[in-house]
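Chain and residue survey
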Amino acid sequence: MNDEKARFADSFNVSRETLNRLEIYADLLRKWNKRINLVAPGTIETLWSRHFMDSAQVLALSPSAAQRWTDLGSGGGFPGAIVALLANNLDLRVILIESDQRKAAFLRAVSRETGANFSVMAERAEAAVPTKADVVSARALAPLETLLGYVAHHIDNNGLALLPKGAKAASEVELARKTWSFTCESIPSMTDKDAAILKIGDIKRV
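Description of the structure in this document. (Residues numbered from 1 in each chain as written. Predicted model: local features only at pLDDT ≥ 70, side-chain atom pairs only at ≥ 80, totals over all residues. Heavy atoms only, no water.)

As a further point, take the overall build of the protein. What the protein contains, in helices and strands, is seven helices and seven strands. Its helices and strands taken in sequence order, the protein reads α-α-α-β-α-β-α-β-β-α-β-α-β-β from the N to the C terminus. In terms of C-alpha radius of gyration, the protein reaches 16 Å, essentially the compact-globule figure of 17 Å for 206 residues. Each principal axis of the C-alpha distribution contributes one length, and for the protein these read about 50 × 35 × 35 Å. Within the span of the protein, comprising 206 residues, buried residues form 53% of the whole. Pairs at least 24 residues apart make up 68% of the contacts formed inside the protein by residues separated by at least 6 positions. If you average the places of the 26 positive and of the 24 negative side-chain charges in the protein, the two averages end up 4 Å apart. (Helix = DSSP H or I, 4+ residues; strand = E, 2+ residues; numbered from the N terminus. Rg over C-alpha atoms; globule rule 2.2 N^0.38 Å. Buried < 20%, exposed > 50% of the residue type's maximum accessible area, 1.4 Å probe, protein only. Contact = heavy atoms within 4.5 Å. Lys, Arg positive; Asp, Glu negative; His and termini not counted. Charge placed at Lys NZ, Arg CZ, Asp CG, Glu CD.)

So, in structure tokens, the structure goes:
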């Protein structure tokens, strides 16, 4: 087991069975990424930390009682597919929304070949039928002021948004408050000292 994979397994107490499923996912990602742009090619070598661990930390922040999780603009499956693979709550229903048909096909292949319990909606987030999710996630999809509109469309009344953001997280929050009212907790990222996961609730348009 390489160092990155071992660190991932230790950090999230991952079983050998789940690690095997994640290895299948990693192999699929490497193969498909040669044909369609799922992740930046330069991040393939650090897949376990850059994408897998970065996604797993989002699940670690979610309420244990969550039953419906919607991931917006899933792309290569981060964080949504990782959430589905790692979730201990077998009743958790995970929906990945991805408008690019080729990426949606990749995500369905991941679900089929790893046995991950998620479904895929090949639609734009703002046009899809509202999913009334307990948790909504989105990674690198849009600036927060725009993203909150997509989140509000899919989140349940008492739901929570978990949104990984980069070095401009604080300025995005400040700008978003001009058009949205929301609670926000910024949690430092495990994988990038300049990044954070925004834990957002009570979303209402001003």
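Attention now moves to the sheet that holds strand β3 (residues 118–121). Read from one edge to the other, the open sheet built from seven strands follows the order β3-β2-β1-β4-β5-β7-β6, with strand pairing classed as mixed. Looking at the sheet topology across the chains shown, the edges are occupied by β3 and β6 (180–188). Looking at each pair of strands side by side, their axes are set apart by 20° on average, direction ignored. Of the pairings in the sheet, the one linking β6 to strand β7 (residues 196–205) comprises eight bridges and is antiparallel in character. Residue pairing across strands places serine 181 opposite lysine 204, the latter belonging to β7. (Pairing = 2+ DSSP bridges. Axes fitted to C-alpha atoms, helices over the stretch in contact; angles between N-to-C directions.)

Scanning all chains against the criterion turns up 10 salt bridges. A salt bridge links aspartate 54 to arginine 139; its shortest N-O distance comes to 2.9 Å. With aspartate 54 in helix α3 (residues 47–60) and arginine 139 in the loop between β4 (133–138) and α6 (144–154), this residue pair connects regions lying 85 residues apart in the sequence. What makes aspartate 54 buried here is its relative accessible area of 9%. With its nearest N and O atoms 3.7 Å apart, the salt bridge here joins aspartate 100 to arginine 102. Since its relative accessible area comes to 23%, aspartate 100 is described here as partly exposed. Look at arginine 102 and you get partly exposed, because its relative accessible area is 49%. (Salt bridge = Lys/Arg side-chain N within 4 Å of Asp/Glu carboxyl O.)

Peptide bonds are trans in most cases, and residues, glycine excluded, mostly fall at negative phi. In this structure, the amide linkage connecting phenylalanine 78 to the following residue, proline 79, adopts the cis form with an omega of 0°. Mapped onto the secondary structure, proline 79 falls in the loop between β1 (68–72) and α4 (80–86). A positive phi is found at lysine 132, a non-glycine position, where the angle reads about 50°. The backbone of aspartate 202 shows a phi angle near 50°, a positive value even though the residue is not glycine. Mapping aspartate 202 onto the fold places it in strand β7.

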